[in-house]
Amino acid sequence: MKQWLIRNVLAPAVALAFSIIVGMAFLAVTGYPVLSTFRSIVQQSFQDWYGVGQVLHTATMLTFTGLAVAVAFRAGLFNIGVEGQLYVGSMALGIVGYYLRALPKETIQWVPWVLWIMALTAIAMVAAGLYATIPGILKAFTGAHEVITTIMLNFVALAWINYLLRYDPQSFAVPATVRTPAFPESLRLPRLSHWLPIFQGSVVNASLFFAVVASVAIWWLLRSTKLGYEIRAVGKNPVAACLAGISPRRITILAMFLSGALAGLVGVSFVLGHKGYFEENFSGGLGFLGIAVALLANNHPLGVLLTALLFGVLNYGKVAAAGEIPKDIIEIMEAAIIFSVVIANSLFTRWLVAATKRQLKRREHSADT
Amino acid sequence: MKMEQQHEWAVEMLEITRAFARVVANDRITFRVRRGEIHALVGENGAGKSTLMKILYGLYRPDSGEIRIFGRHVRFRSPADAIATGIGMVHQHFMLVPPFTVAENVTLGDERVHFGIYRPHEAQARVATLIEQYAMALDPRARVADLSVGEQQRVEILKILYRDARLIILDEPTAVLTPQEVETLFSTIRRLHESGKTIIIITHKLHEVMALSERLTVLRAGKWIATLDTNATTPEEIARLMVGRDVILPTLARDIEKLRQLPVATPAQQNSKPAGEECSRAVTGSNSAPCVPLRVEGVELRRAGRQRPVLSNISFSVSPGEIVGVAGVEGNGQKELIEVLTGLAFPTSGRIFINGHDVTTASPRVKFSAGMACVPEDRQRHGLILDFNLRENLLLGRHHDWRNARHFTWERARRLLEDFDVRPPDPRMRAAQLSGGNQQKLVAAREFTRGATLLVAAHPTRGIDLGAIEFLHGKLLELRARGVGILLISSELGEILALSDRVLVMYGGKIVFEAPNCGLSERDLGIYMAGGTVAQVVDGGGSQS
């Protein structure tokens, strides 16, 4: 238990503290007031419910991308393609929206809302999941490294979407824009302000609950199901897993599908919850930030909820405090967090292993004498 | 220089001790090599040969002890120091840059430059002279990527000569070569010897020792065992020294004898004593094949880049309630045999049956369901997931039946750990936190209780303390009494002789001997482990293909 706390709480906390120091140093060197700038980042986020709402919305999407990265990590795969996968999932929804635009209202209402949402969520997840399965299959059968293939597929996804929106003779875009037609109001996810008027104006929406459910579900999956056990086994030691009768190929492919499917949920949050349509370049790096979210959470699904919130604050503070400090400073801090987490994790792990070995030796010693 | 010329010893390593986290790899080893001789350093894997040579080459620093090279006391901080003293080492894995030419590879790291300019022609000329001097049959302008393994090895030797080495260490140089290439290597070595170089050759192939060396040193379990004149010894004696008489087993023998008296229990298996007889239990999916736990028919395994198969024409079977011991000096195909049996590699030809099911190309999963359990050779890499806790490790392979696996509570895990004396028996600990011996017991706890009818146990007692060895031997015999067929692969000859009903000896990837274990002596087995008859060994053994 003590070990667990050190690994999952102390190490990230130390890393976070260190990266804050790095951020402060940058502010000091560039001549900005250190403490008041930090205060304003936090204040921007929490001074009113609107700010909280915006932070929660960003955190929702970061939870999905963070989970996507974490699940792949647990299977020993470094999925850098979350950005591309979330675009594919979102674009799939955008295309569905394009075809729905012609459908009469009555037909749409003939199917209950819940079923619509379930079906649309499934479409986004499956589309993104299948896209992530491509590098999974390549890795499983040819050994092509997923870091390379997922990065390349990011470009493919962006270019493909660009084509579908601009150059396809049957373009899915609303003429003269780079977005797809909007979903009918009746098919969208309600905003939180629908129930809690204090969030008036904020885009935070019901997909927030999806994020919480997804975190808990992934936590349960990894902890208590056979698939989760096999994913963790392959991630830690593929040879031993193989000898125990687990097929590393199967797990690699399944884990990539699952990872992509989680990335696809960003589409649900953005297309169904926020705008109501797909818009080119809406993510702006959420998939990459998910790597930091997952790392800081030590790939723990419940931890991802917390770290997504933290990065939500930073990300919103970046926009809100734009008048006072350059957003680059915050981006440097985000990078510093990734660095320090990686270093802190390996340092703490080494230290823990050495400490327990010493302890065991002492115990053996006292048993002998 | 003059003093060096006259000094009798090229290498004196005195009372060298080097310990790693848990093992003492070299325990007060004294190792001396005469100037200008070919000295063979022999011993099984893990005997400490490589560690000793890495110390000599400056890769490791000894915890204590003294090293003198040509009479001069030295203390190396890195291989660079060793190279400067005139020591060169050819590693088992070549360290060459494939797209570079022979000359470029040879001069790499020691490019003689003039005012910062590298002159390739000069280097090439010098390399060409060396090639001629030692008749190496190499083109200095050839790309290393285009060379055969044997030629690449010669480039490695050239690299050493280019740096004016007087003492050359060859680490298992024949492991990767074809018989013809071995011949060429031997003549190169002899030529080096004639030109006055001192040569240390690390090997565990006895016919090479006999064919090449003038003297030899045997290490076992990190200790110096003997230094002998090659002419005054026999391969059997060397084999016996390498493998060692097991000091613990005689005391155990009585208990084991008692356990062996236990009747083979299961009625279904009692009437199937002789191998190949029909078993009463119906085997689904196969047309009433005899229910032998393991039957291997003519298995051959070839590896890319090797001309000779690493396993050839392996045939044997294991009956219910029988322990079949596989003896042999390590590196004679045991590792490959395990890989083929567990499913890490597939045989090039031949067939494998587990309880009558053809599992020649089956996945480990299928082999498990056919009734196999396996204690793999490398417990850390193949047997355990070090980051998992002990309960999760015990679940490996059992987890396929997830419903039942969920009933495998912490409490049950604890009891199983206690049964197998894993210390501490705390199922929440991670496997990485256990000592090597306890990790081994953990693997045994899982595999012995799987309910399998065939157990493949590779070195099940390696590296664990005497009490634990005794304990695991007892468990093996218990399984045998319950009618489980056991294939025991071990480098401990004493263990094999104490436990087995039948003994096989592997040499050069073949089974060269098979007999029931009655009246066999370590000496007899030693002859077969050394490659058959004395005559065959003396005239070069494996070199005639």
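Structure: above.
The rules we used
- Residues numbered from 1 in each chain as written.
- Chains lettered and ligands numbered in written order.
- Predicted model: local features only at pLDDT ≥ 70, side-chain atom pairs only at ≥ 80, totals over all residues.
- Heavy atoms only, no water.
- Axes fitted to C-alpha atoms, helices over the stretch in contact; angles between N-to-C directions.
- Helix = DSSP H or I, 4+ residues; strand = E, 2+ residues; numbered from the N terminus.
- Parallel < 35°, antiparallel > 145°, perpendicular 65-115°, else oblique.
- Left-handed = near helix turned anticlockwise from the far one by under 90°.
- Contact = heavy atoms within 4.5 Å.
- Nonpolar A, V, L, I, M, F, W, Y, C, P; charged D, E, K, R; others polar.
- Buried < 20%, exposed > 50% of the residue type's maximum accessible area, 1.4 Å probe, protein only.
- Pairing = 2+ DSSP bridges.
- Polar contact = N/O pair within 3.5 Å; in protein donor to acceptor, adjacent residues only side chain to side chain.
- Salt bridge = Lys/Arg side-chain N within 4 Å of Asp/Glu carboxyl O.
- Phe/Tyr/Trp six-rings, centres within 6.5 Å; stacked < 30°, edge-to-face > 60°.
- Lys NZ or Arg CZ within 6 Å of the ring centre and 35° of its normal.
- Core = buried A, V, L, I, M, F, W, Y, C linked by side-chain atoms within 4.5 Å.
- Domains from an automatic or database assignment.

**Description of the packing of helix H4 (residues 82-100) of chain A against helix H12 (residues 286-296) of chain A**
All names here are of chain A.
Consideration 1: At a minimum axis distance of 6 Å, the contact between H4 and H12 shows a crossing angle of 130°. Taken as axis vectors, H4 and H12 run oblique relative to one another. Judged by the sense of rotation from one axis to the other, the crossing of H4 with H12 is right-handed. Facing Val-82, Glu-83 and Leu-86 of H4, the residues of H12 in contact are Leu-286, Gly-287 and Phe-288.
Consideration 2: A per-class count over the contact of H4 with H12 returns four nonpolar, one polar and one charged.

**A few points about the pairing of strand E19 (residues 454-458) of chain B**
Residues and elements named next belong to chain B.
Consideration 1: For E19, the buried fraction is high: five of the five residues fall into the buried class.
Consideration 2: Where burial is concerned, the two faces of E19 agree: the one with Leu-454, Val-456 and Ala-458 and the one with Leu-455 and Ala-457 are both buried.
Consideration 3: In this structure, strand E18 (residues 372-375) lies alongside E19, joined through four bridges in parallel fashion. Looking across to E19, one finds that Val-375 is bridged to Ala-457.

**Digging into the side chain of B:Arg215**
All names here are of chain B.
Consideration 1: In this fold, Arg-215 is placed in strand E11 (residues 215-220).
Consideration 2: A polar contact is formed between the side chain of Arg-215 and the side chain of Glu-37, at a distance of 3.0 Å.
Consideration 3: With residues up to four places along the chain from it excluded, the contact list for Arg-215 reads Trp-9, Arg-32, Val-33, Arg-34, Glu-37, Ile-38, His-39, Ala-40, Thr-227, Leu-228, Asp-229 and Thr-230.

**Points about the pattern of salt bridges**
Residues and elements named next belong to chain B.
Consideration 1: With the rule as written, the count across this model stands at 33 salt bridges over all chains.
Consideration 2: A salt bridge links Glu-297 to Arg-295; its shortest N-O distance comes to 3.0 Å.
Consideration 3: The salt bridge partner of Glu-514 is Arg-502, with a shortest N-O separation of 2.3 Å. Of this pair, Glu-514 sits in strand E22 (residues 510-516) while Arg-502 sits in strand E21 (residues 502-507), and the two are twelve residues apart along the sequence.
Consideration 4: What makes Glu-514 partly exposed here is its relative accessible area of 39%.

**Here we look at the packing of aromatic side chains**
Consideration 1: This structure, assessed with the given rule, holds 16 aromatic pairs over all chains.
Consideration 2: Centre to centre, the rings of A:Tyr87 and A:Phe278 are 6.3 Å apart; their planes meet at 75°, and the pair counts as edge-to-face. Here A:Tyr87 is found in helix H4, whereas its partner A:Phe278 is found in the loop between helix H11 (248-275) and H12, with 191 residues between them in sequence.
Consideration 3: Taking relative accessible area as the criterion, A:Tyr87 reaches 2% and is therefore assigned buried.
Consideration 4: Measuring from ring centre to ring centre gives 5.2 Å for A:Tyr98 and A:Tyr99, while their planes differ by 85°; the resulting arrangement is edge-to-face.
Consideration 5: Clustering of aromatic rings is evident, with ring pairs tying together A:Tyr87, A:Phe270, A:Phe278 and A:Phe282.
Consideration 6: Between the NZ or CZ atom of B:Arg295 and the centre of the ring of B:Phe353, over which it lies, the distance is 4.5 Å.
Consideration 7: When the ring centre of B:Trp410 is taken as origin, the NZ or CZ atom of B:Arg428, which lies over that ring, is 4.0 Å away.

**With respect to the sheet that holds strand E10 (residues 198-203) of chain B**
Residue and element names in this part refer to chain B.
Consideration 1: Strand order in this open sheet of six strands is E6-E9-E10-E3-E11-E12, and the pairing throughout is mixed. Bordering the open sheet on either side are strand E6 (87-90) and strand E12 (223-229), each of which pairs with just one other strand. With direction set aside, neighbouring strand axes in the sheet form an average angle of 20°.
Consideration 2: Sheet analysis places strand E9 (residues 167-171) next to E10, joined by five bridges and oriented parallel. Along E10, the bridge assignment pairs Asp-171 with Ile-202.
Consideration 3: The sheet contacts of helix H6 (residues 149-162) involve E6 and E9, and relative to E6 the element is tilted by about 170°.
Consideration 4: Against the sheet, helix H9 (residues 235-243) engages strand E3 (38-42), E11 and E12, with an angle of about 30° to E11.

**Considering the nonpolar core**
In a soluble, globular protein the nonpolar side chains are often hidden away together inside.
Consideration 1: Formed by 126 residues in total, the largest nonpolar core has its most connected members in A:Phe183, A:Phe311, B:Phe448 and B:Leu455.
Consideration 2: No other element matches the eleven residues that H11(A) contributes to this core.
Consideration 3: The two domains that each donate at least three residues to this core are domain 2 (250-371 + 452-531) and domain 3 (375-450) of chain B.
Consideration 4: Beyond its immediate sequence surroundings of up to four residues, A:Phe183 is in contact with A:Leu93, A:Val96, A:Gly97, A:Leu100, A:Leu120, A:Arg188, A:Val271, A:Leu272 and A:Gly276.
Consideration 5: Ranked by size, the runner-up nonpolar core spans 60 residues in total, among them B:Leu158, B:Ile199, B:Leu228 and B:Met529.

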